[in-house]
Amino acid sequence: MDDNQTVKLDKVGSGSNTAKRPTLIVLQGESLGSAVPLGGQMFTIGRGSDCELRVDDNLASRAHARLESAAGGLVYCIVDLGSTNGTFVNSQVVEDPYVLRDGDKIRVGRHVFKFALLDDDETEFQERIQQMIIRDDLTNLLTQRSFVVELERQLLRRSEQADRGQVSILMMDLDHFKTVNDTYGHVVGSQTIKQVGEIIEASLRKSDVAARYGGEEYVAYLTDIPSSSAPLIAERIRETIGRHEISVSRKGANVRLSVTISIGISTYPVHGEDPIELIEKADLALYRAKVAGRNRVVEFDPLRDRFDEAGYQRLELRSLIQDADSKA
């Protein structure tokens, strides 16, 4: 290889984007795989609502540790803020300010973060990985896991406020979806799921959050609305989906069909304060909507919707008898 060739290779190897961005990558804990860029002179980690990186972790203190920058943000050190359970770097407890190096692993409570200096290409790659983790690849809605994390954060913030406001959970399930797959095939079924997801997202405000819960099920939470408004919004979603014509090109033909959806509702803090409990109660209401004939909206009713001893969904038979009597 001659000198000219060497010069050409050097130019190619010295890409234009060599700036390194200090970043925390979540290796263990909620939001696994996500990347948190570090900005500013100080960055606090803890359970408190005023922390730049808030973790829902009962082993973390409210203000657990702080990252401090120097040299224009190119150097970061970590300082323990008198936490109950300590801050660790590479399994060693931090007693004095510790200067972080690329690749160091930080443990705060149950959470583990990797301190990394990322260039433009690495930052873009990490953003793509994060998108794949938190978003469903078919609908681009949140995944079930990401939705639960977001709901937990939403309710945790409210639990620390005097005026908490209400949050309504909508559990939604397409009716007779197996018939769509059996009749038209999975390609049409997938496009149906995608288009319904788009309708749900378009029906919500920016402050609301929707996810694909699994299969043909969706879930959403609505923030700061009266509980009486949640059924109206759910009805609008149900009616819009019922009117929408699904159109899919398949094997040279254009398949057109319509679907309906059933929706169950629970509300924080009226029906509980635990996110999983609220999802389960919305799911119980959804189950009652299915039993009652589908294509309808049903609110959770503690007198009619029950769990059996094993924790499985069960609809009280008395409520079915009452419904039948009232319609007779």
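Above this text you will find the structure in question.
Reading guide: rules and limits
- Residues numbered from 1 in each chain as written.
- Predicted model: local features only at pLDDT ≥ 70, side-chain atom pairs only at ≥ 80, totals over all residues.
- Heavy atoms only, no water.
- Pairing = 2+ DSSP bridges.
- Helix = DSSP H or I, 4+ residues; strand = E, 2+ residues; numbered from the N terminus.
- Buried < 20%, exposed > 50% of the residue type's maximum accessible area, 1.4 Å probe, protein only.
- Core = buried A, V, L, I, M, F, W, Y, C linked by side-chain atoms within 4.5 Å.
- Contact = heavy atoms within 4.5 Å.
- Expected span 1.5 Å × (residues − 1).
- Polar contact = N/O pair within 3.5 Å; in protein donor to acceptor, adjacent residues only side chain to side chain.
- Salt bridge = Lys/Arg side-chain N within 4 Å of Asp/Glu carboxyl O.
- Axes fitted to C-alpha atoms, helices over the stretch in contact; angles between N-to-C directions.

Student: Just give me the short version of the sheet that holds strand S1 (residues 21-28), but keep the residues and values in it.
Tutor: With respect to topology, 6 strands assemble into an open sheet ordered S2-S1-S11-S10-S7-S8, the strand pairing being antiparallel. In the strand order of this sheet, the two ends are held by strand S2 (35-37) and strand S8 (92-93), each with one partner. By the bridge criterion, 2 bridges tie strand S7 (residues 87-89) to S8 in an arrangement that is antiparallel. Following the sheet pairing, Phe 88 is matched in S8 by Val 93.

Student: Any details on the environment of Pro 226? Residues and values, ideally.
Tutor: Among the structural elements, Pro 226 can be located in the loop between strand S14 (217-223) and helix H6 (229-243). For Pro 226, a relative accessible area of 47% translates into the label partly exposed. Note: C-alpha distance between Pro 226 and Thr 267 (41 residues apart in sequence) is 9.5 Å.

Student: Run through the nonpolar core, naming residues and quoting values.
Tutor: The nonpolar side chains of a soluble globular protein tend to be buried with one another. Counting residues in hydrophobic clusters, the biggest one holds 31 residues, and the most contacted among them are Met 172, Ile 200, Tyr 218, Ile 237, Ile 261 and Ile 263. Broken down by secondary-structure element, the contributors of at least two residues to this core are strand S12 (167-174), helix H4 (177-184), helix H5 (186-202), S14, H6, strand S15 (246-250), strand S16 (253-257) and strand S17 (261-268). Leaving out residues up to four positions away in the same chain, Ile 237 has contacts with Leu 170, Met 172, Ile 200, Ser 203, Leu 204 and Ile 263. Counting 20 residues, the second-largest nonpolar core is a separate cluster that includes Val 36, Ala 65, Ile 106 and Val 108.

Student: Which residues make up helix H7 (residues 275-291), and what values do they have?
Tutor: The end-to-end C-alpha distance of H7, which contains 17 residues, comes to 25 Å, matching closely the 24 Å that a straight helix rising 1.5 Å per residue would cover. Of all 17 residues in H7, 12 are buried; the element is thus mostly enclosed. All of the buried residues along H7 are Pro 275, Leu 278, Ile 279, Lys 281, Ala 282, Asp 283, Leu 284, Ala 285, Leu 286, Arg 288, Ala 289 and Lys 290. After H7 finishes, the residue Gly 293 shows a positive phi value of roughly 130°.

Student: Which residues make up the side chain of Ser 266, and what are the values?
Tutor: Its place among the elements puts Ser 266 in strand S17. Exposure remark for Ser 266: the relative accessible area of 0% places this residue in the buried category. In terms of polar contacts, Ser 266 uses its side chain to reach the backbone carbonyl oxygen of Leu 278, at 2.7 Å.

Student: Which residues make up the pattern of salt bridges, and what are the values?
Tutor: Once the charged atoms of two side chains with opposite charge are near each other, the side chains can pair. Under the counting rule described, the total for this entry stands at 15 salt bridges. We note a salt bridge from Asp 57 to Arg 110, for which the minimum N-O separation is 3.5 Å. In this pair, Asp 57 sits in the loop between strand S4 (53-54) and strand S5 (65-70) while Arg 110 sits in the loop between strand S10 (105-108) and strand S11 (111-118), placing the two residues 53 residues apart along the sequence. Overall, Arg 110 belongs to the partly exposed group, its relative accessible area being 44%. In the salt-bridge network here, residues are joined through shared partners; they are Asp 173, Asp 175 and Lys 290.

Student: Run through the sheet that holds S17, naming residues and quoting values.
Tutor: Whenever strands of a sheet pair, they do so through backbone hydrogen bonds, lying parallel or antiparallel. Across the sheet, which stays open at both edges, the 5 strands sit in the order S13-S14-S12-S17-S18 with mixed pairing between neighbours. Edge positions in the open sheet fall to strand S13 (209-214) and strand S18 (297-299), since each of these has one partner strand only. Recorded for the sheet is a direction-independent mean angle of 20° between the axes of neighbouring strands. Both S12 and S17 contribute to a ladder of 8 bridges, which runs antiparallel. When the sheet's bridge partners are listed, Leu 174 is paired in S17 with Ile 261. Contacts between H5 and the sheet are confined to S12, S13, S14 and S17, with S14 contributing the most and set at about 5° to the helix. With respect to the sheet, H6 is in contact with S12, S14, S17 and S18, its orientation differing from that of S17 by roughly 160°.

Geometry only, nothing functional implied.
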